[in-house]
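Structural overview
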Amino acid sequence: MLRTTPSSGVCLAPGEVFSCSGWQKATTSDNRGLDAFNPRLAAILLVGGDKTWDDRFYETFIPVADRLYDAYVDDLRREGLIT
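Presented here is an overview of the structure given in this document. As the structure is a computational prediction, the values presented were derived from the model and not from experiment. (Residues numbered from 1 in each chain as written. Predicted model: local features only at pLDDT ≥ 70, side-chain atom pairs only at ≥ 80, totals over all residues. Heavy atoms only, no water.)

**Topic: the overall build of the protein**
Helix and strand counts for the protein come out as one helix and five strands. Its helices and strands in sequence order give the protein the pattern β-β-β-β-β-α, from N to C terminus. Looking at the protein residue by residue over its 83 residues, the buried ones come to 30%. Looking at the protein alone, contacts between residues at least 24 apart form 26% of all its contacts between residues at least 6 apart. Carbon and sulfur atoms provide 56% of the accessible area of the protein, an area that totals close to 5,600 Å². (Helix = DSSP H or I, 4+ residues; strand = E, 2+ residues; numbered from the N terminus. Buried < 20%, exposed > 50% of the residue type's maximum accessible area, 1.4 Å probe, protein only. Contact = heavy atoms within 4.5 Å. Areas by Shrake-Rupley, 256 points an atom, 1.4 Å probe, with all protein chains shown as cover.)

**A few points about the pattern of salt bridges**
Two side chains with opposite charge may pair up if their charged atoms get near one another. By the definition in use, this model includes four salt bridges. Two residues, Lys51 and Asp30, come together in a salt bridge whose shortest N-O distance is 3.9 Å. Remark: Asp30 occurs in the loop between β3 (16–23) and β4 (31–37) and Lys51 occurs in the loop between β5 (43–50) and α1 (57–78); sequence separation between them is 21 residues. In this structure, the salt-bridge partner of Arg78 is Asp75, at a minimum N-O distance of 2.2 Å. Taken together, the residues Arg78 and Asp75, both in helix α1 and three residues apart, mark about one turn of the helix. Overlapping salt bridges, with partners in common, bring together Asp30, Arg32 and Lys51 in one network. (Salt bridge = Lys/Arg side-chain N within 4 Å of Asp/Glu carboxyl O.)

**Here's the deal with the nonpolar core**
With 11 residues, the main nonpolar core is built from Leu34, Ala36, Ile44, Leu46, Val47, Ile62, Ala65, Tyr69, Val73, Leu76 and Ile82. Secondary-structure elements contributing two or more residues to this core are β4, β5 and α1. Considering every element that reaches this core, the biggest residue donor is α1, with five residues. (Core = buried A, V, L, I, M, F, W, Y, C linked by side-chain atoms within 4.5 Å.)

This is the structure in structure tokens:
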């Protein structure tokens, strides 16, 4: 289960670090992304979107990112790329 630490902008899970990165476009949108380092230390983008009118963006998408990351790691294990 992930938890967000608002002061650092980092979402933490036991043994994993998800960064809740944000980037701004030249528009009025408020884009955010949830990314992680996989077990082989390559960065992967899990979820991205516009949170302009969504006060629950992180509460909604951190569980989605968590499930995507777990499925990704399971695939790596099945393919024999990690143990």
